[in-house]
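# Breakdown of the fold
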Amino acid sequence: MEAWLTTPAGQHLQTWALARCDQAVSRCFGYHALQLGAPEWPLLRNSRIHHCWAAATANTSKPLSEQTSVGRDATALPFAPASRDLLLLPHTLETSADPHATLREAARVLVPEGRLLVLGFNPSSLWGLQHGSRRMAQRMGSQAAPILPTAHALIGARQLRDWLSLLGFEIDEGCFGCYRPALARAPWFQRLQWLEAAGDRWWPYLGGVYFLVATKRVRSLRPLHPRWQLAQQTGSAAPAIRRDS
């Protein structure tokens, strides 16, 4: 991920992701926020939450800095249930060996009404097609490097919505971005900048990345109490039946 961010597509993705996260985290409140993955991105820089942490996943190769906590396994977080108010997953699901377990762990550590922010690569995009063709070429013996820095399969936005719904999350907002193909040469990549505005207008679901904001909903049960007093009043007020002999 660190090497890919130096490419034109990686720099564009970083700018786009920071802009979206700056807007989203500024509307979140609480006591504890955690960014799980991509510690080189300051995604919590605009957060109003006082205690903010960035944790590197267990499979990262970047040296941990003072602002980054020790490496964490995304499927087994060392936090108590309902202890985080905000959780960011920047491309964490694609790099996880078990994305289902990662989402279940996110639902466990979030408080009720806590916010979950997810950044992911869209398989139904130019980036997804380029990445899929490179992976197929690798299986056939080619030495070409994959377009996207991920070791596992990509997860579509619609599929992720279904997973979050099963875990009790409610989608608040979402958007797509990065419509240009991932070109290695910066001049050619800049010439296709017009595709960003055209993509937002004409094919918004074909962006290279997506950004989802979800809220953890906890349905509470309201106990039903018997209304004995009303039943007694109703019984006492019942009209008497007169029988004539």
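Let us look at the structure shown here. (Residues numbered from 1 in each chain as written. Predicted model: local features only at pLDDT ≥ 70, side-chain atom pairs only at ≥ 80, totals over all residues. Heavy atoms only, no water.)

## Regarding the pattern of salt bridges
Formally: Between Lys or Arg on one side and Asp or Glu on the other, a salt bridge is scored when a side-chain nitrogen of the former is within 4 Å of a carboxyl oxygen of the latter. Under the DSSP-based scheme used, a helix requires at least four consecutive residues in state H or I and a strand at least two consecutive residues in state E, with every element numbered from the N terminus. When a residue's accessible area, from a 1.4 Å probe over protein chains only, is under 20% of the maximum for its type it is buried; when over 50% it is exposed; and in between it is partly exposed.
Using the criterion set out here, one finds 7 salt bridges in the structure. The residue R115 makes a salt bridge to D172 at a minimum N-O spacing of 3.7 Å. One end of the pair, R115, is in strand β5 (residues 110-121); the other, D172, is in strand β6 (residues 169-177), with 57 residues separating them in the sequence. Take R115: its relative accessible area is 24%, and that puts it in the partly exposed class. Residue classification places D172 among the partly exposed positions, given a relative accessible area of 34%.

## Some details on the environment of S26
As a reminder of what qualifies: A 3.5 Å cut-off defines polar contacts: any pair of N or O atoms within that distance qualifies, except that in protein one atom must be a possible hydrogen donor and the other a possible acceptor, and neighbouring residues in sequence count only when both atoms are side-chain atoms.
Relative to the elements of secondary structure, S26 occurs in the loop between α1 (8-25) and β1 (32-36). Along the primary structure S26 and L44 are separated by 18 residues, whereas in three dimensions their C-alpha atoms are 8.9 Å apart. Separated by 3.3 Å, the side chain of S26 and the backbone oxygen of D22 make a polar contact. A polar atom in the side chain of S26 sits 2.8 Å from the backbone oxygen of Q23.

## Observations regarding the nonpolar core
The cut-off we apply is this: The criterion is simple. A nonpolar core is a set of buried Ala, Val, Leu, Ile, Met, Phe, Trp, Tyr and Cys residues joined through side-chain atoms within 4.5 Å. Contacts were defined at the residue level, with two residues in contact if any of their heavy atoms lie within 4.5 Å.
Of all hydrophobic cores here, the largest spans 31 residues; its most connected members are L86 and W127. Elements that contribute at least two residues to this core include exactly α1, β4 (84-90), β5 and β7 (209-216). Examining the composition of this core, we find that 8 residues originate from one element, α1, more than from any other. Aside from chain neighbours lying at most four places away, what touches L86 is V25, C28, H32, A33, L34, L44, I49, L110, R115 and L117. In terms of nonpolar packing, the next biggest core, distinct from the first, is built from 27 residues, A107, L110, L116 and F176 among them.

## A closer look at unusual backbone geometry
Its identity as a non-glycine residue notwithstanding, E113 has a phi of 70°, on the positive side. You can see E113 is positioned in strand β5. When its relative accessible area of 45% is taken as the criterion, E113 is described as partly exposed. Unlike most non-glycine residues, C178 shows phi in positive territory, near 65°.

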